[in-house]
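Here is what each chain is made of, one letter per residue.
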Amino acid sequence: MRTVIGIDLGSTTTKAVVLGEDGRMLGRGITNTRSNYDVACAIARSEALIATRFALLREALARRAPDAARDDALLQSIARTFRLEQHLGQIAVLRTELAAVASGATWHTYGEALHACAAGLLDRIEAEAPAAFAGGAGLGSEFFRDLVGARWRVLAEPAGKAADIGFDWLMSCFDKAIVRVENRALDLSFERFAGPAIERFVRENPALAPGNATALRASATEAAAAAIDEWNQVGTGYGRSKLPFRREQIRSEILCHGLGAHRFFPGTRTVLDIGGQDTKAIQVDDQGIVTSFQMNDRCAAGCGRYLGYIADEMNVAVQELGPMASRATRSVKINSTCTVFAGAELRDRLALGQKREDVVAGLHRAIVLRAMSLLARSGGVKDEFTFTGGVARNQAAVAALRQLVSENYGARQLNISVDSIYTGAYGAALFALRDARAAAATPDPVAA
Amino acid sequence: MSQPAAAALAQLVERAEALAYDVEYSAVRAWKERHPGALAIGFVPVWAPRELIAACGALPVGVVGGGDKVEIIKGDACYQSYVCHLPRSVVELGLNGRLDCLDGMLFPSICDVIRNLSGVWKLLFPNKLSHYLDLPQDFDPEIGGDFFRAELAQLVELLVARGARRPTPASWRQAITEHNENRHLVEELHALRREQPWRVPTSEAYVVARAGCVLPATEHSALLRDYLALVRAVPRAPLDNARVVVAGAFCEQPPLDLLKTLERAGCYIVGDDFLLAPRFVRADVPLEGDPLAAIANTWLAHAQPHASVWTRAGTKGDDLVALARKAGAEGVLFAAPSFCDPALLDQPMQEAACGRAGLPHMHFKYSENSGQFQGIREQAGTFADAIKLWSGA
Amino acid sequence: MEPLLTGGIDVGSSAVKLVLMRTDGAGREELLGRRVERLRRRDPLEVATRCWHDELLPEAGVRPDEVAYVATTGEGDRIEFRTGHFYGMTAHARGALFLRPGARAVVDIGGLHARAFTIDERAKVLVQAMTSQCASGSGQFLENIARFLGVTLEEIGALSRRSEKPEKCSSICAVLAETDVINMVSRGIKVEDILHGIHDSMAGRYVRLLLTAGARGEVLVTGGLAADTGLVAAMRDDAQRQGSTLEIASHPDSVLAGAIGAALWGAHRQRVLAKRGVVLRADPA
Amino acid sequence: MNDSIHKEPSMLRQKELIGGHYRKLARAKEAGLKSAYTFVPGNLTELLLAFDVLPVLPEINALQSAMRGKSAEYIAKAEKLGQSEDVCTYVKCDYGMMKSGNVGPTGERLPDPDLLLLSYTGCFTFLKWFELLREEYKAPTVMLHVPYQGDGAATREMRDYVVKQLRRVVIPALEKVTGKRYDEDRLRHILALSAQAEEDFVAVFRAARNRPSPIDAYFGGVYYIGPIFTAFRGTQAAVDYYRMLRAEVDARVAAGAGPLTPDGPMPREKYRLVVEGPPNWTSFHEFWRMFHEEGAVVVASTYTKVGGVYEDGFRHDPARPLESLAEYCLGCYTNHNLPARADRIARYVQDYEADGFLIHSVKSCDSFSAGQLVILRDVEQKTGRAGAFIESDLVDPRYFAASNVKNRLESYLQMIDQQRRGATACAR
Ligand SMILES: Nc1ncnc2c1ncn2[C@@H]1O[C@H](COP(=O)(O)OP(=O)(O)O)[C@@H](O)[C@H]1O
Ligand SMILES: Nc1ncnc2c1ncn2[C@@H]1O[C@H](COP(=O)(O)OP(=O)(O)O)[C@@H](O)[C@H]1O
Ligand code: SF4
Ligand code: SF4
Ligand code: SF4
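The structure presented is a predicted model; accordingly, all values stated were derived computationally and were not measured.

Colleague: Which residues make up the overall build of chain C, and what are the values?
Modeller: A tally of helices and strands in chain C yields eight helices and 10 strands. Computed over C-alpha atoms, the radius of gyration of chain C comes to 19 Å, within 12% of the 19 Å expected from 2.2 N^0.38 for 285 residues, which places it in the range of a compact globule. Seen through its principal axes, chain C has C-alpha atoms that stretch 65 × 40 × 30 Å. Sorting the 285 residues of chain C into buried and exposed places 64% on the buried side. Put simply, 68% of the contacts in chain C that link residues at least 6 apart link residues at least 24 apart. When the accessible area of chain C is evaluated, it comes to approximately 10,700 Å², of which 47% is carbon and sulfur surface. Separation between the mean location of the 36 positive side-chain charges and that of the 36 negative ones in chain C comes to 4 Å.

Here it is, written out as structure tokens:
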């Protein structure tokens with residue numbers, strides 16, 4: 001199978017999108033590793049390829065057991081099981097790293113006790129995992145660090161108290177170990193975990209028709225063995241110059257977001273991208289060609305990282321902020337433009353008795369206000385409007401934006417793709433496809 | 001007995017605060033309804049020839065920024081981050097139609113930001129009067145004075161061309177008299193605060209003074225008179241506070257909560273340079289002779305030392321030390337708007353002067369919409385502590 | 001004079017510091033108990049209350065009603081069982097003199113702010129200078145970086161001092177600096193060199209702050225970052241490079257300076273009030 | 001810098017001129033020469049020369065310090081002495097240099113001023129700057145107030161005001177400091193030389209209308225403006241330099257050659273840009289490289305007009321000595337109001353057939369930068385082209401985030417590229 005890949009090396013997350021020869025999106029992958037770019041890139045790519053192989057699995061299954069392939073719940077449940085297997089694999093690595101960290105004698109004085117306590121904590125987290133991944137229950141995050149970290153934070157205080165080990169030490173222990181895990185490009189591939197995942201699934205679903213189980217196993221083997229040929233790749237994003245790509249395989253994220261948004265919603269004339277560390281307002285024409293753009297200055301105020309920071313500050317996952325803000329009855333005005341000081345301001349406000357929901361709503365409004373200025377700088381919102389980037393996943397940010405856009409520009413169609421965070425990578429992949437086709441002298445479906 | 005006075009005082013302050021922070025400029029709108037066909041002319045800090053505007057039958061309106069009362073979107077679209085806050089909120093007010101009641105805007109020369117704002121205004125509001133008023137830096141009546149007089153004469157023509165009344169000897173006389181009187185009352189307010197700061201908290205005096213931005217001089221004078229009478233009647237006890245002068249806030253205004261923070265941290269503000277328009281020129285404009293020359297020459301001879309005015313003689317900061325001495329201040333708080341070049345470049349020289357005079361001092365920055373005063377409170381509190389714990393020692 | 005037990009609680013943005021002190025009013029000042037608890041985003045008031053009642057006092061074998069004055073500083077003015085509150089630098093100045101009687105300038109480097117000020121021999125704050133509303137180069141910033149590098153704060157100092165090739169860190173934003181650090185890691189720069197580079201850039205800021213405040217002679221670094229030997233060394237280097245004669249020092253209890261100072265001022269105040277016949281009681285309820 | 005940097009004869013001549021001036025300054029005291037500190041925009045070089053007074057230009061010192069990598073240290077010094085982080089970095093750089101022994105770019109000490117001649121055309125900060133210098137040097141100080149073209153034109157009253165100040169304030173001060181009488185004939189002679197150099201100067205910049213442009217009118221341009229904007233206007237040396245420069249440029253036009261960059265001849269001209277705002281001096285060559293590596297050449301810039309806008313026909317005029325000096329002061333780019341600045345940029349885009357325009361916004365310079373975003377929008381409307389907006393600083397290296405600047409520039413050029421391809425795709 002011939003594919004092209006687009007990679008968006010963002011400031012907080014790295015995204016990859018795999019397209020088939022026909023331009024169809026086959027797989028998406030994302031990672032929040034804060035380790036070096038090569039690792040981030042490898043992980044995102046491998047995640048996107050996993051998704052691609054899942055697409056292949058579904059196709060193979062459709063041939064063998066059409067009913068099962070049409071059963072979305074079944075496929076989703078397999079995907080969840082696969083995630084669980086991956087997760088357990090990562091926990092195993094974390095366990096070795098924790099042992100190494102805890103026994104490293106230079107930075108603490110607890111000796112074996114710390115190791116035992118940390119290992120015990122991890123045992124609990126591991127034991128909880130199957131339930132956490134079981135159907136229905138929403139996961140706090142899609143990232144390993146966030147998932148384990150959130151539980152660790154909750155469990156560490158009582159566990160430490162029981163073992164007479166300071167909370168701080170347990171946190172440091174975790175921080176050190178998780179970084180080591182993140183610094184390694186682990187093999188989390190479909191090839192490695194699909195088998196165990198299917199077996200677990202079959203084991204846990206005794207009601208599954210035996211024929212389907214066989215079909216599943218065979219399809220997974222087939223999908224794992226399929227040759228995936230990388231025809232071309234294009235990189236974009238904040239760190240794009242760090243990618244080991246040729247010069248013509250690098251595109252500015254402005255162009256990629258413009259094209260990606262255009263492909264998601266062809267009527268788009270204005271694109272707002274709020275990512276981790278920068279915000280961009282882009283105007284495009286009816287071909288998806290960028291006609292003007294503005295980016296924020298070098299200050300993290302008003303970007304996605306701001307929300308991440310606030311989430312850390314409140315000890316919740318970034319995904320929970322939007323729903324929390326949506327429950328607000330009013331929006332508290334936030335004055336600090338600095339991300340770090342906004343964290344402090346948040347604490348002040350809470351201490352003064354203001355409701356969490358209201359303060360968080362105010363923070364969302366503050367971010368969107370900044371974005372509104374950028375939009376105004378780039379020429380405003382004249383027509384159909386698309387919101388991309390990670391923050392577009394946040395319902396409260398979307399609601400604030402919707403309101404402010406209509407207040408300032410009148411009613412406008414506001415588009416948000418479920419894949420909004422992948423817009424840049426998608427655009428990059430489209431460029432990759434276009435270039436590959438141009439090189440192969442086939443007609444260019446993107447420009448056409 | 002004092003009960004009704006206290007209530008009346010509270011009411012008056014509330015009214016003044018409403019006027020001072022009314023971003024709808026309702027008082028101006030109401031004035032225009034009462035004076036059909038008359039113009040309202042806005043001016044940004046610090047000083048403008050209010051008597052000239054009034055003599056043309058127009059209402060001079062001080063536009064001192066939106067403070068923390070407006071959300072900034074369009075303003076930030078016009079200004080990048082390393083510029084002070086004032087022009088953002090002024091542009092925001094303008095683009096949101098809040099300043100539609102003004103028929104024109106004057107931009108007196110005080111700094112590059114204001115100067116460029118005059119051009120921004122021309123681009124954003126091509127149909128409104130927008131005029132940069134260059135103030136002389138040559139103080140010879142025959143050189144700078146002639147130029148200034150010509151500037152003022154041109155301003156009269158611009159106003160008249162927009163439909164203002166051409167000033168008559170009578171309208172000149174009335175406008176100058178009313179503004180001289182207003183100047184006196186503002187000075188009286190400050191004098192009382194110097195003498196009995198516990199009677200006149202700055203957070204009150206400030207809003208009472210700021211209400212003058214949107215009122216004709218006579219109405220503001222009446223407000224001042226009422227306020228002065230009331231505070232003299234209401235008993236208020238002195239606290240063990242440090243007496244300080246706040247310097248540097250001449251253009252972008254400090255948020256009211258900042259003033260309250262300083263007072264709560266143990267400071268009596270006995271001198272400041274907020275809202276300078278009515279006290280920028282420290283003398284009466286004479287009623288005799290050519291009124292344009294009178295305004296120009298009074299300005300040349302009596303404009304107060306200020307960051308926007310070339311310091312002719314003496315050393316920078318000497319005037320501040322003198323002011324602090326006169327006010328009986330025990331220290332100076334330098335409060336400058338972030339990114340305000342004139343204020344911040346003056347500061348080291350002024351601090352040096354305070355140092356030479358043995359006057360304790362400290363500085364901090366703010367912007368008109370700052371909402372967090374934790375750091376400033378700590379600083380000012382420590383400063384006041386140091387004065388109180390060791391005063392005289 | 002009768003010995004007096006007083007407490008000092010310094011509530012900061014990243015940690016709570018508590019001390020218990022005994023003074024006799026005639027120059028004897030003793031530190032009976034100390035406690036530093038990093039907040040890790042927990043509620044500061046709750047942490048402070050718990051540390052005070054459940055840890056510090058029991059460990060010292062002291063009942064709450066035996067403490068004559070509980071003095072707070074920092075953001076501690078919201079603590080309900082306080083007797084009185086002192087402003088940050090007032091407290092740090094006093095604490096600094098307790099720790100290092102010769103100090104004539106203090107730089108307090110905390111989570112969000114850094115403040116430098118000069119003092120006289122009575123702990124009067126003379127001139128102060130502070131960083132502005134941008135958290136670049138703050139303690140919080142260093143903490144973020146450390147977490148990301150997988151280094152504990154305790155290890156930072158030694159690591160940084162091991163570095164021979166400090167990597168220049170140009171970023172001015174506390175948040176965006178993370179990205180710079182990612183870049184450095186990607187380029188294969190060693191952790192110690194990254195840390196040293198960050199220390200150098202921070203040190204430059206703080207020395208500048210000190211000089212702005214007119215510091216001369218002995219300087220005590222207080223606040224949480226005083227424990228970072230790498231930073232203190234970098235400050236010394238920077239001062240030397242500037243040709244300045246500042247003697248920059250730290251003290252193992254530097255982090256407690258605010259709490260100590262508050263407790264000492266509390267004792268002072270208590271005696272003054274007692275002389276006037278005013279009775280204040282630290283109410284444990 | 002390294003040896004591989006490419007230079008033309010005029011470039012060497014320029015360096016010699018400027019180097020010579022600094023050497024002369026270093027010996028000024030022993031040679032009994034007087035010096036006056038003054039600014040570039042609206043400078044009165046001819047008048048100073050008529051009194052044999054040597055100009056010292058603090059802005060040029062600041063930019064030189066930055067190019068030599070000293071500015072960070074000087075700025076830090078100034079901040080330690082109490083200057084705020086927020087203010088103009090030119091001032092801090094100069095002040096820091098002064099407080100570090102006033103050692104000029106050639107490594108020799110600059111003379112203390114005999115006169116501070118403050119002609120503060122176009123920027124209020126100049127006024128503060130000289131208050132600071134006066135406090136330090138206690139030198140006699142003269143203020144020449146040049147009114148701003150607030151309504152877009154220099155009026156008669158403005159000119160008369162400036163002339164009056166020249167006659168009654170500036171000239172008497174110069175007479176007093178030098179002990180010489182004002183000699184108007186000498187001034188006329190000097191002005192005539194100015195006008196000659198100005199002719200060639202205009203021709204050099206106008207040559208950028210060719211395709212490919214033989215010069216880079218921003219990065220290269222700052223070298224070309226050196227002599228005429230500083231100490232050499234009104235000298236034979238300047239006349240010779242500009243004649244030589246013009247001949248070189250004409251030769252390049254004839255050969256169909258593009259500009260010369262420090263890294264060698266410019267590759268194929270791919271993008272023609274107009275730039276507004278002063279350059280960054282701390283990473284000057286790196287910044288330039290970002291342009292020429294992409295094949296972007298600057299065909300017109302406003303910064304090269306801060307020391308006088310000659311292209312509209314103004315010349316120093318021996319027949320009206322003080323009047324023409326006054327008109328020169330009033331006419332500098334920095335003294336134009338925002339609408340006039342926007343008009344000029346739009347005109348450049350059209351006249352020089354540029355593909356786009358870029359605003360290099362200097363964070364610490366309110367004079368240039370406050371309102372530039374409104375200029376951006378206005379020029380976009382007038383030309384129908386999107387502009388790029390990049391922020392950094394003149395001399396504070398902390399504010400030059402190379403990757404950020406590069407990212408924007410690259411994105412902008414790729415956008416232009418994409419638009420072109422889009423246009424051809426549609427045409428097909
Ligand atoms: N599920 C989610 N819900 C809410 N916000 C999210 C979610 N996922 C990501 N984000 C936000 O998006 C930001 C990252 O956006 P992204 O576009 O990936 O940035 P970049 O490309 O700069 O790495 C995060 O900082 C976070 O605030
Ligand atoms: N705006 C300007 N005004 C006047 N002179 C300038 C200006 N810009 C640059 N120069 C001159 O150009 C010279 C820069 O040359 P420099 O960078 O030192 O050359 P090189 O890099 O080959 O050593 C400076 O010496 C300075 O005199
Ligand atoms: S605050 Fe300062 S810089 Fe801003 S407009 Fe006012 S005087 Fe100018
Ligand atoms: S203000 Fe805050 S977010 Fe902005 S640069 Fe400074 S530290 Fe970063
Ligand atoms: S503010 Fe700008 S124009 Fe004025 S001195 Fe500074 S750099 Fe020059």
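From this point, the discussion proceeds with the structure in view.
Colleague: Which residues make up unusual backbone geometry, and what are the values?
Modeller: In the segment running from proline 45 of chain B into valine 46 of chain B, the intervening peptide bond is cis, with an omega of 10°. Mapped onto the elements, valine 46 of chain B comes out in the loop between strand 1 (40-43) and helix 3 (50-55). Proline 212 of chain D follows arginine 211 of chain D through a cis peptide bond whose omega is -10°. For proline 212 of chain D, the location among the structural elements is in the loop between helix 9 (184-206) and helix 10 (221-229). Positive phi, close to 75°, is recorded for alanine 123 of chain C, a residue that is not glycine.

Colleague: Lay out the packing of aromatic side chains in plain terms, naming residues and giving numbers.
Modeller: In total, this model carries 50 aromatic pairs over all chains according to the counting rule given. Arranged with centres 5.8 Å apart and planes meeting at 90°, the rings of tyrosine 348 of chain D and tyrosine 352 of chain D form a pair that is edge-to-face. Given the relative accessible area of 6%, tyrosine 352 of chain D is considered buried. An aromatic cluster of three or more residues is present, and its members are Tyr218, Phe219, Tyr223, Trp281, Phe284, Phe287, Trp288, Phe291, Tyr303 and Phe400 of chain D. Directly above the aromatic system of phenylalanine 139 of chain B lies the positively charged group of arginine 312 of chain B, at a separation of 3.6 Å from the ring centroid. The side chain of arginine 134 of chain D reaches across the aromatic face of tryptophan 310 of chain B, ending 4.7 Å from its centre.

Colleague: Summarise the nonpolar core; cite the residues concerned and give the values.
Modeller: Among the nonpolar cores identified, the biggest contains 330 residues, and Leu52 and Trp299 of chain B together with Leu47, Tyr90, Trp281 and Phe291 of chain D are the most heavily contacted of them. A per-element tally of this core places helix 8 (residues 156-178) of chain D first, with 10 residues. Split by domain, the residues of this core number at least three in each of domain 1 (1-265 + 424-448) and domain 2 (266-416) of chain A. Not counting residues within four places of it along the chain, the set of residues in contact with phenylalanine 291 of chain D comprises Phe219, Leu273, Ala296, Val298, Leu358 and Leu409 of chain D. Membership of the second largest hydrophobic core comes to 56 residues, among which are Ile7 of chain A together with Val181, Leu225 and Leu231 of chain C.

Colleague: Which residues make up the domain arrangement of chain C, and what values do they have?
Modeller: Residue and element names in this part refer to chain C. Each domain of chain C was delimited in the assignment, giving domain 1 (4-87 + 256-275) and domain 2 (101-250). Taken over C-alpha atoms, the centre of domain 1 sits 27 Å from the centre of domain 2. The interface of domain 1 with domain 2 comprises six residues on the first partner and 10 residues on the second. Both sides of the domain 1 and domain 2 interface together cover about 590 Å² of buried area, and 43% of this is carbon and sulfur. Viewed at the interface, domain 2 and domain 1 are joined by one salt bridge. A salt bridge links glutamate 154 to arginine 38; the nearest nitrogen and oxygen atoms lie 2.9 Å apart.

Colleague: Mind laying out the site of ligand 5, listing which residues take part and the relevant values?
Modeller: All names here are of chain D. Surveying the vicinity of ligand 5 reveals the residues Cys88, Cys123, Thr125, Phe126, Trp129, Cys365, Ser367 and Leu394. When residues of the shell around ligand 5 are assigned to their parent elements, the largest contribution, three residues, is made by helix 7 (residues 125-137). Class assignment for the residues of the shell around ligand 5 results in six nonpolar, two polar and no charged.

Colleague: Summarise helix 4 (residues 112-133) of chain A; cite the residues concerned and give the values.
Modeller: All names here are of chain A. Compared with an ideal rise of 1.5 Å per residue, which puts 22 residues at 32 Å, helix 4 spans 32 Å between its outermost C-alpha atoms and is within 8% of the ideal. Taken together, the buried positions of helix 4 are occupied by Leu114, Cys117, Ala118, Leu121, Leu122, Ile125, Ala129 and Phe133. Where helix 4 is buried, its residues contact helix 3 (72-103), helix 5 (144-163) and helix 6 (167-182).

Thresholds, definitions, all that
Residues numbered from 1 in each chain as written. Chains lettered and ligands numbered in written order. Predicted model: local features only at pLDDT ≥ 70, side-chain atom pairs only at ≥ 80, totals over all residues. Heavy atoms only, no water. Helix = DSSP H or I, 4+ residues; strand = E, 2+ residues; numbered from the N terminus. Rg over C-alpha atoms; globule rule 2.2 N^0.38 Å. Buried < 20%, exposed > 50% of the residue type's maximum accessible area, 1.4 Å probe, protein only. Contact = heavy atoms within 4.5 Å. Areas by Shrake-Rupley, 256 points an atom, 1.4 Å probe, with all protein chains shown as cover. Lys, Arg positive; Asp, Glu negative; His and termini not counted. Charge placed at Lys NZ, Arg CZ, Asp CG, Glu CD. Phe/Tyr/Trp six-rings, centres within 6.5 Å; stacked < 30°, edge-to-face > 60°. Lys NZ or Arg CZ within 6 Å of the ring centre and 35° of its normal. Core = buried A, V, L, I, M, F, W, Y, C linked by side-chain atoms within 4.5 Å. Domains from an automatic or database assignment. Buried area = accessible area lost by both parts, 1.4 Å probe. Salt bridge = Lys/Arg side-chain N within 4 Å of Asp/Glu carboxyl O. Near = heavy atom within 4 Å. Nonpolar A, V, L, I, M, F, W, Y, C, P; charged D, E, K, R; others polar. Expected span 1.5 Å × (residues − 1).

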